[in-house]
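Each chain is listed here by its residues.
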Amino acid sequence: MKLLWYAMCSLFIAQTEVKGCIYDGFKVYELTSKIHSSALDLYRMVKNESQYVLLSGRGTIVMVHPEAQAEFLHLLENNQWEHRVLNHDVGLDLSNAFETNRNLTNLYPYKGHAGTDRYYTFDEINRYIEDLAQQYPSRVFVKTVGKSYEGRTMKTIRITNGDGRAKKNVILMDGGIHAREWIAHAAVLYAIGELSNNYQKHAQLLQDYDWVILPVVNPDGYEFTQLSADNRFWRKTRQPINESCIGTDGNRNFDFHWNETGAYWDPCSTIYPGPKAFSEPETIVVRDLIQSLAGRGKMYLTLHSYGQYILYPYGYTNALPVTWRDLEEVARAGANAIMEATGTRYKVGCSGSSIYPIAGASDDYAFNAGFPISFTMELPPGGANKFDPPASDIDRLVKEAWVGIEAMARKVIQKYPLKDSTVL
Ligand SMILES: *[C@@H]1O[C@H](CO)[C@@H](O)[C@H](O)[C@H]1NC(C)=O
Ligand SMILES: *[C@@H]1O[C@H](CO)[C@@H](O)[C@H](O)[C@H]1NC(C)=O
Ligand SMILES: *[C@@H]1O[C@H](CO)[C@@H](O)[C@H](O)[C@H]1NC(C)=O
Ligand SMILES: *[C@@H]1O[C@H](CO)[C@@H](O)[C@H](O)[C@H]1NC(C)=O
Ligand SMILES: [Zn+2]
């Protein structure tokens, strides 16, 4: 198990001009079993753990090196696991996806509007929010809130109805703390577009509430995953830990029961919680946003993929907070709205018991800081590797997510009306 998580970064070290993709010939397997719920024990039995890359927390979705596939199939058979091949050649698939996105970038160059036709780069996303602020100077405001480890400028967009009233309640939203979850960045971008461009339709959402949105929490990681197909599955930040291991799992790095559970105390692991809480400049940015808005902040919403979940605190334990009914009510409003609109079923529940306990996540931190509603929304899987919905799926997935976000916002606005309105 220990070596298992090394695969990602050891593969990324010697990363120069490689012909093809390092994942050429890798297959993705989905495992099911009548008797086991976790596959992690399975990987203790493999000969060379670095040939396995886990794509899900319980190890039931795994990417396997071509040289290890025969051994793996034997192992499955001997341990009562069924399998299905989700992807017969990860490298080929990734190369195609990258070429498609390159083609789409040529077809739809950024011209002041980021649509749902392709995945945008970090710079384009920053340009988009700047352009919106210029287009709607009385309603939309961009603010620099920090720098990533590699020096990228991190900006929030605050969307208001332009009436100039101060001290409204706030919905805080972010996305992309995990680099490879591109559909999360896309969904945040869509929400920004809806609230900014379509604001008359959403007047109620902006009446007594401002929306503060950090579209890309982990810009270094996001840029890294877009650099080449070899990096597509990078999840963490990019600050080196030691000479051979890079990056921290941002969503294990918050200072609330930090490093207690759901992380791996190994700097090469994809779920390394960092050498200490808030070791990453990017999580510090989110912390400061949360702290500066606590009091006014009524909902914190962080977008991830994949899973089709709306998850609420706590993550660090499977105990429920005393206000869990409020969380459940708002989350249900989102899940039900999505179900009605598209038939997609988002599961609702507390993180710690719905997936597995995770400490140091941003939703727990925001909840503890005073946001009465705090959610991790896991968008649906897509593409043969689950993490890469093809560009042609973006439109459907982000519109569907927005239906849920809008419904949750309405419920929050109803439950937490503005108290000390400073109307003159
Ligand atoms: C494990 O697999 C990797 C990738 O195929 C290979 O480079 C490495 O030499 C193997 N290690 C051992 C101990 O066999
Ligand atoms: C990308 O565009 C090139 C040139 O038009 C075309 O030959 C190629 O098939 C396209 N690739 C994909 C994956 O769509
Ligand atoms: C970095 O950390 C890993 C995991 O603990 C360890 O195996 C490796 O030796 C370390 N490398 C250096 C250069 O300290
Ligand atoms: C983090 O937790 C691990 C146990 O999982 C422990 O070995 C390690 O010392 C902890 N690190 C810190 C800095 O507390
Ligand atoms: Zn995630």
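Note that the coordinates shown come from a computational prediction; the quantities given were computed from them, not determined experimentally. Numbering of residues begins from 1 in every chain and follows the order in which that chain's sequence is written. Ligands are numbered from 1 and chains lettered from A, in the order in which they are written. Given that this is a predicted model, residues contribute local features only at a pLDDT of at least 70 and side-chain atom pairs are listed and counted only at 80 or more, while totals for whole chains, interfaces and linings are drawn from all residues. By convention in this description, side-chain values take in all heavy atoms of the structure and omit both hydrogens and water.

**Focus on empty space enclosed by the protein**
So the rule is basically this: Using protein atoms alone on a 1 Å grid, points that fit a 1.4 Å probe yet trap it form a cavity, whereas open point sets bounded by protein on both sides within 12 Å along at least five of seven lines form a pocket; residues with an atom within 4 Å of a point count as lining. Grid points are joined across faces, edges and corners, and a volume is the space filled by probe spheres set on the points. In this description a helix means any DSSP run of H or I spanning at least four residues, a strand means any run of E spanning at least two, and both kinds are numbered starting from the N terminus.
Applying the stated rule across the entire model yields 2 cavities of 30 Å³ or more. Here the second largest cavity defines a volume of roughly 40 Å³. Phe122, Ile125, Asn126, Met154, Lys155, Leu214, Pro215 and Val216 together form the lining of the second largest cavity. Elements with a minimum of two residues in the lining of the second largest cavity: α4 (122–135) and β6 (153–159). Counting residues per element, the lining of the second largest cavity draws most heavily on α4, at 3 residues.

**Quick word on helix α9 (residues 324–342)**
For clarity, the cut-off: Expected span of a helix, by definition, is 1.5 Å for each gap between consecutive residues, and there is one gap fewer than residues. Summary of the burial criterion: residues with accessible area below 20% of their type's maximum are buried, those above 50% are exposed, and those between are partly exposed, where the area comes from a 1.4 Å probe applied to protein chains only. Any two residues whose heavy atoms approach within 4.5 Å at even a single point are treated as in contact.
Its 19 residues give α9 an end-to-end C-alpha distance of 27 Å, which sits within 8% of 27 Å, the value for a rise of 1.5 Å per residue. Taken together, the buried positions of α9 are Leu327, Glu328, Val330, Ala331, Ala333, Gly334, Ala335, Ala337 and Ile338. Buried-residue contacts for α9 involve β10 (309–312), β11 (347–350), α11 (362–369), β12 (373–379) and α12 (391–415). One or two residues past the end of α9 sits Gly343, with phi positive at roughly 85 degrees.

**Re the UniProt feature "active site" (unreviewed entry) in the chain**
The line we're drawing: UniProt positions are given in the numbering used here, feature names are shortened, and annotations may be inferred rather than shown by experiment.
Under the UniProt annotation, "active site" (unreviewed entry) lies at Glu378. In this fold, Glu378 is placed in strand β12.

**Let's talk about the environment of Asp24**
Looking at where Asp24 falls in the secondary structure, it is placed in the loop between α1 (6–13) and β1 (27–32). Sequence separation between Asp24 and His88 is 64 residues; the distance between their C-alpha atoms is 9.7 Å. Beyond its immediate sequence surroundings of up to four residues, Asp24 is in contact with Pro66, Asp89, Gly91 and Leu92.

**As for the site of ligand 4**
Here is the rule we go by: For this purpose, a residue is taken to be near a molecule or strand whenever a single non-hydrogen atom of the residue falls within 4 Å of it. In protein, a polar contact means a hydrogen-donor-capable atom and an acceptor-capable atom, both N or O and within 3.5 Å, with residues adjacent in sequence counting only if both atoms are side-chain atoms; elsewhere, any N or O pair within 3.5 Å suffices. Shrake-Rupley sampling with a 1.4 Å probe provides the accessible areas, and residues are treated as covered by the protein chains on show and by no other component.
All residues adjacent to ligand 4 are Trp258, Asn259 and Trp265. Between ligand 4 and Asn259, the relevant distance is 2.5 Å, taken from an oxygen atom to a side-chain nitrogen or oxygen of the residue. In isolation ligand 4 has 360 Å² of accessible area, and contact with the protein removes 39% of it.

**As for the state of the cysteines**
Think of a disulfide as a covalent bridge from one cysteine sulfur atom to another cysteine sulfur atom. Put simply, the rule is: Cysteine sulfur atoms are paired as a disulfide whenever they come within 2.5 Å of each other.
Within the structure shown, the criterion is met by 1 disulfide. Here Cys245 engages in a disulfide with Cys268; their sulfurs sit 2.1 Å apart. Between Cys245 and Cys268, the disulfide has an S-S torsion of -75 degrees and is therefore left-handed. Of the two residues, Cys245 is situated in the loop between α7 (219–227) and α8 (281–293) and Cys268 in the loop between α7 and α8; the sequence distance between them amounts to 23 residues. Cys245 gets classed as buried once you look at its relative accessible area, which sits at 3%.

**Quick word on the environment of Asp131**
Mapped onto the elements, Asp131 comes out in helix α4. With 27 residues separating them in the primary sequence, Asp131 and Leu104 have C-alpha atoms 21 Å apart. Those residues in contact with Asp131, other than ones at most four positions away along the chain, are Tyr110 and Gly112.

**Quick notes on the confidence of the model for the chain**
Where we set the bar: Confidence per residue, as judged by the predictor, is encoded in pLDDT with a range of 0 to 100.
Of all residues in the chain, 94% attain a pLDDT of 70 or more, and the chain-wide mean is 92. Here residues 1–19 is modelled with pLDDT under 50, and outside its nearest four sequence neighbours on either side it reaches 44 contacts, counting other chains as well.

**Looking at the coordination of the zinc ion (ligand 5)**
Defined as follows: Each metal site lists N, O and S donors within 2.8 Å (3.2 Å for Na, K and Ca). With water left out of the atoms, a site can look as if it is missing ligands. For a four-donor site, all angles between 85 and 135 degrees give tetrahedral; for four or six donors, opposite pairs above 155 degrees with the remaining angles between 65 and 115 give square planar or octahedral; all remaining cases count as irregular.
Distances from the zinc ion (ligand 5) to its protein donors, namely His178 (ND1), Glu181 (OE), Glu181 (OE) and His304 (ND1), fall within the range 2.1 to 2.3 Å. Classification of the site at the zinc ion (ligand 5) rests on its 4 donor atoms, whose angles at the metal span 59 to 152 degrees, yielding the label irregular. Donor residues for the zinc ion (ligand 5), ordered by position in the chain, follow H-x2-E-x122-H. Note that Glu181 is positioned in the loop between β7 (169–175) and α5 (182–197) and His304 in strand β9 (residues 297–305), a separation of 123 residues in sequence. Per residue, the accessibility class of Glu181 equals that of His304, and both read buried.

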